[in-house]
Amino acid sequence: MDKKFRRNVSVRGSDDFTNIKLAAPLRHAAGLLGIKAAIQHGLKEMGVVRSMRALMNMNQNDGFECPSCAWPDPDKPSRFREFCENGTKALADEATTQHIGSDFFKNNSVEQLSELTDYELNKFGRIVEPLVLRPGKIHYESISWQDAYALIAKELRKLNSPDEAIFYTSGRSSNEAAFLYGMFARAFGTNNMPDCSNMCHESSGVALKETLGIGKGSIKLEDLHNAEVIIVAGQNPGTNHPRMLSALEKCKENGGKIISINPLEESGLVNFRNPQSVKGMLGGGEDLTNIQLPVNINQDIPLIKLIIKKLIDLDSESGTVFDHDFINKYVDGHEALMNGIQEYDSNELLQLTGVDEDKIDEAVQLLASKSKIVVCWAMGLTQHKNGVETIREYINLLLLKGAIGKPNAGTCPVRGHSNVQGDRSVGIMHHVDAGLNDRIKEHLGFTAPDKEGFDTVGAMRAMYEGEGKVFVCLGGNFLMAASDTEYTAVAIQRCNLTVQISTKLNRSHLVTGKAALILPTFGRSEKDMKNGQLRYITVENSMGRVRQSRGLLKPASNRIKSEPELIAELADTYFEGNHSVNWKAMGEDYDLIRQQIDNVIKGFENTSDNSKGSGYYLPNNVRDLDFSKLPNGKAQLTLNSLPDHELQENEFVLMTIRSHDQFNTTIYGLDDRYRGVYNERRVLFMNKQDMKEQELIKMDVVDITSFYDNTKRTAFKFLVIPYNIPKGNLAAYFPETNVLVPYNHFADRSKTPISKSIVVRLVKTKIG
Ligand SMILES: Nc1nc2c(c(=O)[nH]1)N[C@H]1C(S)=C(S)[C@@H](COP(=O)(O)OP(=O)(O)OC[C@H]3O[C@@H](n4cnc5c(=O)[nH]c(N)nc54)[C@H](O)[C@@H]3O)O[C@H]1N2
Ligand SMILES: Nc1nc2c(c(=O)[nH]1)N[C@H]1C(S)=C(S)[C@@H](COP(=O)(O)OP(=O)(O)OC[C@H]3O[C@@H](n4cnc5c(=O)[nH]c(N)nc54)[C@H](O)[C@@H]3O)O[C@H]1N2
Ligand code: SF4
Ligand SMILES: [Mo]
């Protein structure tokens with residue numbers, strides 16, 4: 001049953017049910033309920049004055065960037081209007097007035113705390129002083145910053161090779177912190193820089209880079225407003241990128257159409273009651289989706305192939321469906337694609353999708369006559385074995401339509417964490433970039449390693465095998481975010497030292513290496529003062545715009561430090577002031593960091609000046625129709641094979657998704673209002689017909705098991721809920737179900753764990 005480790009810590013926490021209430025899923029998002037939920041949450045955590053001051057400043061050009069998702073702000077934001085329910089929750093969660101320090105840990109051992117749920121752990125509040133968990137001990141104690149740095153430096157020096165250290169980054173950091181951190185890892189001697197995007201949009205990066213030459217999206221916010229068709233695939237913006245709904249609304253008002261490709265009919269995509277418009281508050285809101293295609297999980301490739309096939313038939317009649325001029329001029333691989341696609345039988349493709357042909361034909365008719373098409377996507381496409389190929393298939397569609405590199409058309413991988421794109425841009429990556437290493441040598445004066453480092457799954461394996469011994473995390477909650485929770489727990493516990501640079505308590509502070517440190521840091525809303533000056537950081541949003549962010553709230557304590565400063569002090573301690581980089585000076589004056597970012601990272605220019613006001617866009621070759629770095633100097637059409645899901649009897653495909661009340665592993669509350677689930681997270685969404693066949697009724701309790709490579713994995717105790725989901729498909733929340741995702745099954749080439757298509761069985765344990 002419950003697997004316990006070296007310290008008697010639980011990986012699972014409590015799995016008691018919490019008194020579920022069910023309602024019908026909502027047919028609209030936001031509106032009054034959204035505002036009420038946001039304000040309630042904000043006021044409870046922050047108090048009235050703090051809430052109002054902070055909200056007035058969030059996403060303003062002279063304020064701070066929302067710490068939640070990476071959705072862009074308009075270039076000219078309007079006062080007091082640029083936030084949403086979930087941004088408010090994220091802010092309240094970070095700016096909470098609840099605090100914990102060494103007294104708290106004196107009374108609560110890591111063993112006791114680990115018995116709680118992730119929701120309960122997060123509620124304790126902000127960590128306000130550096131803490132150490134010494135070998136064999138179960139209580140964290142206070143430690144000075146200098147002693148904490150010295151402990152890390154000592155453990156790093158003990159390693160046989162720099163490659164025994166691993167430096168993880170979660171995407172909430174800033175460009176300045178991420179740059180220093182990445183450069184410290186390299187100066188120390190390793191490219192072991194796993195990153196949350198390895199579990200997130202890595203498949204998008206790989207697919208986009210090899211087809212279009214840049215691992216980022218091509219559109220800007222305004223392009224959505226005037227697109228003729230927006231395809232939203234594998235994404236739930238109502239919950240995860242709420243202000244995207246305003247962009248979809250604008251597109252609809254301008255006459256555009258929306259196609260949603262998703263096994264679920266997500267409320268936010270059905271109808272949006274914009275809390276910032278009269279129509280949204282008093283009227284019925286805006287219906288968003290015109291055509292919903294409830295595709296079976298991981299059957300997007302057959303769906304898009306079928307759509308392309310049908311478009312080919314229409315094009316052979318009229319010659320106007322595809323943009324032949326564009327294809328001739330800019331696209332490679334047309335003939336191969338046309339030949340390749342003929343091998344597929346339309347009926348077989350249709351069967352795989354599970355969608356009504358009439359609906360697909362409606363989408364085909366729409367796409368045939370339009371060319372300003374944007375495809376938006378998120379985790380529903382990336383987290384599959386064939387995530388890279390799935391995205392490439394959508395890019396095929398865009399290229400054939402000539403919907404690339406022109407206004408109101410293109411690619412929109414909607415990023416997760418607020419600065420995950422920036423972190424990657426400024427050098428958080430496990431790959432070797434020879435040009436980058438040359439510039440490091442030239443401007444920073446040291447030789448960066450030229451050996452490929454570990455990504456997330458590589459890091460898990462290395463720690464498990466004893467090859468990774470010191471694990472430093474710039475934010476995040478690696479234990480709960482990574483796949484195969486129990487394997488990852490063993491891996492982490494084999495480390496000599498684990499270091500978490502964090503704001504709030506999470507399970508990665510409890511399931512640790514032999515020794516552990518928590519280095520508490522500022523949230524983005526907090527005022528970062530040095531020598532009487534207010535310092536700011538910069539971030540890059542999902543559409544490649546770099547802008548400044550300056551906090552305004554009083555920091556949670558005077559014993560916490562900013563991320564850049566503490567990283568610089570750690571580097572300075574490690575190098576004992578004896579290194580080509582003046583770390584200490586950079587940690588004090590972020591302009592010095594920005595100058596080096598401009599020197600070392602391509603595309604960044606005069607960042608300290610240019611990111612004022614509305615910021616500046618980084619170069620993007622797709623916007624300029626420049627494919628010169630790709631084979632034959634052209635964008636690439638690709639041949640992608642069909643996914644292979646041979647299910648045995650009683651097997652299902654499970655996707656692990658987010659509820660409306662969480663940010664990744666941070667659980668704000670127990671409701672999923674849009675899906676009609678209240679006060680419970682241990683639920684399994686299931687098709688009614690499947691329930692009947694499995695002899696299950698509503699509220700039956702099941703264990704979910706997966707079986708890969710002769711290993712059975714079990715997520716215990718889930719309540720079955722009948723839901724509008726395609727037959728054969730299941731959905732449950734992450735991170736409770738991460739235990740089912742095998743550590744060694746991930747997307748080809750991007751190595752993103754298969755969190756959206758896990759083959760599982762159900763075992764009934766109790767009648768509901
Ligand atoms: N409030 C809030 N905001 C967030 C986050 C959060 O946890 N909370 N997380 C942030 C992060 S890091 C990220 S990466 C993003 C995640 O944003 P999303 O990707 O929207 O998040 P998920 O809940 O994983 O939802 C995946 C969607 O894909 C659909 N889907 C699953 N499998 C398939 C498939 O095979 N094909 C298709 N077409 N659809 C499929 C699911 O039904 C679901 O609607 O959100 C960011 N923003
Ligand atoms: N099964 C399954 N697994 C998944 C996913 C899935 O859909 N299904 N999604 C994956 C995705 S898309 C992602 S991005 C990863 C997320 O993986 P992570 O980024 O590792 O996880 P988070 O839950 O976002 O991290 C939350 C913690 O970050 C810390 N934190 C918050 N703000 C700050 C800050 O400003 N600075 C610092 N230093 N720390 C801060 C807090 O201590 C908080 O507890 O999870 C992945 N795992
Ligand atoms: S859409 Fe995302 S970035 Fe914008 S306010 Fe909402 S949570 Fe914050
Ligand atoms: Mo993500």
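Residues numbered from 1 in each chain as written. Chains lettered and ligands numbered in written order. Predicted model: local features only at pLDDT ≥ 70, side-chain atom pairs only at ≥ 80, totals over all residues. Heavy atoms only, no water.

1. What about the site of ligand 3?
Going by this rule: Only a single heavy atom is needed: when it lies within 4 Å of a molecule or strand, its residue is near that molecule or strand. For this scheme, ten residues count as nonpolar: Ala, Val, Leu, Ile, Met, Phe, Trp, Tyr, Cys and Pro. Four count as charged, namely Asp, Glu, Lys and Arg, and the remainder, Gly too, count as polar.
Near ligand 3 the following residues occur: N59, C66, S68, C69, W71, F83, C84, G87, P242 and R243. Taken together, the residues of the shell around ligand 3 break down into six nonpolar, three polar and one charged.

2. A word on the packing of helix α9 (residues 202-212) against helix α21 (residues 387-400)
What counts here: Orientation is described by lines fitted to C-alpha atoms, with helices fitted over the stretch in contact, and by angles between N-to-C directions that extend from 0 to 180 degrees. Numbering of helices and strands starts at the N terminus; helices are DSSP runs of H or I of at least 4 residues and strands are runs of E of at least 2. Note on angle classes: values under 35 degrees are labelled roughly parallel, values over 145 roughly antiparallel, values of 65 to 115 roughly perpendicular, and the remainder oblique. It is the rotation of the near helix from the far one that decides the hand of a crossing: anticlockwise by less than a right angle makes it left-handed, clockwise makes it right-handed. Note on definitions: a residue-residue contact is assigned when non-hydrogen atoms from the two residues lie within 4.5 Å.
Orientation of α9 relative to α21, taken along the N-to-C sense of each, is 45 degrees, at an axis distance of 8 Å. Our classification of the angle between α9 and α21 gives oblique. Crossing hand, α9 versus α21: right-handed. Contacts from S203, S204, V206, A207, L208, E210, T211 and L212 of α9 reach α21 at G387, V388, I391, R392, I395 and L399. Residues that form the contact of α9 with α21 fall into these classes: eight nonpolar, four polar and two charged.

3. Quick notes on the packing of aromatic side chains
Condition: Here the aromatic set is Phe, Tyr and Trp, taking the six-membered ring for Trp, and pairing holds for ring centres within 6.5 Å; pairs whose planes are under 30 degrees apart are stacked, those over 60 apart are edge-to-face, and all others are tilted. Any Lys NZ or Arg CZ that is within 6 Å of a ring centre and within 35 degrees of that ring's normal is treated as a charge sitting over the ring.
On inspection of all chains with the given rule, the structure shows 21 aromatic pairs. An angle of 75 degrees between the planes, with centres 4.9 Å apart, marks the rings of F471 and F478 as edge-to-face. Ring pairing ties together the aromatic residues F167, Y181, F184, F188, Y574, F575 and W583, which thus form one cluster. Across from the ring centre of F718, 4.8 Å away, lies the NZ or CZ of R682, which sits over that ring.

4. Some remarks on the site of ligand 1
What counts here: Polar contact is defined as a pair of N or O atoms within 3.5 Å, subject to the rule that within protein one atom must be able to donate a hydrogen and the other to accept it, and that residues adjacent in sequence are counted only when both atoms are side-chain atoms. Computed with a 1.4 Å probe, the accessible areas rest on the Shrake-Rupley method; for each residue, only the protein chains presented here act as cover. Delimitation of the domains relies on an automatic or database domain assignment.
Inspection of the region around ligand 1 gives 31 residues, with N262, E266, N298, Q662 and N664 positioned closest. In the model, an oxygen atom of ligand 1 is placed 3.3 Å from a nitrogen or oxygen of the G234 main chain. Side-chain polar atom of E266 to an oxygen atom of ligand 1: 2.6 Å apart, as the coordinates give it. The protein chains hide 99% of the 920 Å² of surface that ligand 1 would expose on its own. In the shell around ligand 1, the residues fall into twelve nonpolar, 15 polar and four charged. Shared between two domains, the shell around ligand 1 holds at least three residues of each, these being domain 1 (5-16 + 645-764) and domain 3 (202-413).

5. Structural notes on the sheet that holds strand β17 (residues 497-502)
The condition is simple: One bridge is not enough; two strands pair if DSSP finds at least two bridges between them.
Here we have six strands laid out as an open sheet, ordered β6-β5-β18-β17-β16-β7, and mixed in their pairing. Among the strands making up the open sheet, the edge pair consists of β6 (141-142) and β7 (165-169). As judged from the three bridges shared by strand β5 (residues 131-133) and strand β18 (residues 515-520), these two strands associate in the antiparallel manner. When the sheet's bridge partners are listed, L131 is paired in β18 with I518.

6. Re the sheet that holds strand β14 (residues 373-377)
Here five strands make up an open sheet; going across it, the order is β12-β9-β8-β14-β15 and the pairing parallel. Because the sheet does not close on itself, it has two edges, and the strands there are β12 (291-293) and β15 (410-413). Neighbour-to-neighbour, the strand axes of this sheet turn through a mean angle of 15 degrees, independent of strand direction. Bridge count for strand β9 (residues 257-261) against β12 is three bridges, and the pairing is parallel. Pairing of S260 across the sheet is with Q292, part of β12. The strands touched by α9 are β14 and β15; relative to β15, the strand with the most contacts, the crossing angle is about 160 degrees. Strands β8 (229-233), β9, β12 and β14 of the sheet are contacted by helix α19 (residues 357-369), whose axis makes an angle of about 125 degrees with β12.

7. Things to note about the domain arrangement of the protein
For the record, the criterion: As used here, buried area is the combined drop in accessible area, with a 1.4 Å probe, of two parts when they are placed together.
The domain boundaries assigned to the protein delineate domain 1 (5-16 + 645-764), domain 2 (98-197 + 431-614) and domain 3 (202-413). Just the C-alpha atoms count here: the centres of domain 1 and domain 3 sit 27 Å apart. With 28 residues of domain 1 at the contact, the number on the domain 3 side is 28 residues. Between domain 1 and domain 3, the buried area comes to about 2200 Å², and carbon and sulfur atoms account for 51% of it. The three residues of domain 1 that bury the most area against domain 3 are Y674, R749 and K756, which together make up 24% of that side's buried surface.

8. A look at the pattern of salt bridges
Once the charged atoms of two side chains with opposite charge are near each other, the side chains can pair. Let me state the cut-off plainly: The term salt bridge refers to a pairing of a side-chain nitrogen on Lys or Arg with a carboxyl oxygen on Asp or Glu at a separation within 4 Å.
Using the criterion set out here, one finds 44 salt bridges in the structure. Two residues, R134 and E141, come together in a salt bridge whose shortest N-O distance is 3.7 Å. It is possible to trace a salt-bridge network through shared partners that takes in E65, D73, R243 and R547.

9. Let's talk about the state of the cysteines
Applied cut-off: The rule for a disulfide is simple: a pair of cysteine sulfur atoms within 2.5 Å. Burial status follows relative accessibility: with a 1.4 Å probe on protein chains alone, a residue under 20% of its type maximum counts as buried, one over 50% as exposed, and anything between as partly exposed.
Inspection of the entire model under this criterion finds zero disulfides. The cysteine C412 is free of any disulfide, with C376 supplying the nearest cysteine sulfur at 3.9 Å. The thiol sulfur of C473 is not disulfide-bonded, and the nearest other cysteine sulfur, from C495, lies at 9.0 Å. By relative accessible area, which is 0% here, C473 ends up buried.

10. What to know about the environment of D300
Its location among the elements puts D300 in helix α15 (residues 300-318). Of the residues examined, D300 reaches a relative accessible area of 6% and is grouped as buried. Along the primary structure D300 and T353 are separated by 53 residues, whereas in three dimensions their C-alpha atoms are 7.1 Å apart. Not counting residues within four places of it along the chain, the set of residues in contact with D300 comprises I261, V295, L381, T390 and Y394. Within polar-contact distance, the side chain of D300 engages the side chain of Y394 at 2.7 Å.

11. Describing the nonpolar core
Put simply, the test is: Only buried residues count toward a nonpolar core, which is a set of Ala, Val, Leu, Ile, Met, Phe, Trp, Tyr and Cys residues joined through side-chain atoms within 4.5 Å.
L156, F167, L517 and W583 are the most contacted members of the largest nonpolar core, which has 61 residues in total. For this core, the leading source of residues is helix α8 (residues 175-188), giving ten residues. Apart from the residues within four sequence positions on either side, L517 is in contact with L131, V132, I143, A148, L151, I152, L497, T498, V499 and Q500. Membership of the second largest hydrophobic core comes to 57 residues, among which are A207, I308, I373 and L400.

12. Describing a nonpolar patch on the surface
Which entries qualify depends on this criterion: The patches reported here contain residues having more than 30% relative accessible area and no salt bridge. Joining distances are 9 Å for like charges and 5 Å for nonpolar side chains (Val, Leu, Ile, Met, Phe, Trp, Tyr).
Side chains of I35, I39, L43, V48, V49 and M52 sit close together on the surface and give an oily, nonpolar patch of about 470 Å² of accessible area. Elements that contribute at least two residues to the nonpolar patch include exactly α1 (31-46) and α2 (48-57). Owing to a relative accessible area of 62%, V49 belongs among the exposed residues under this scheme.

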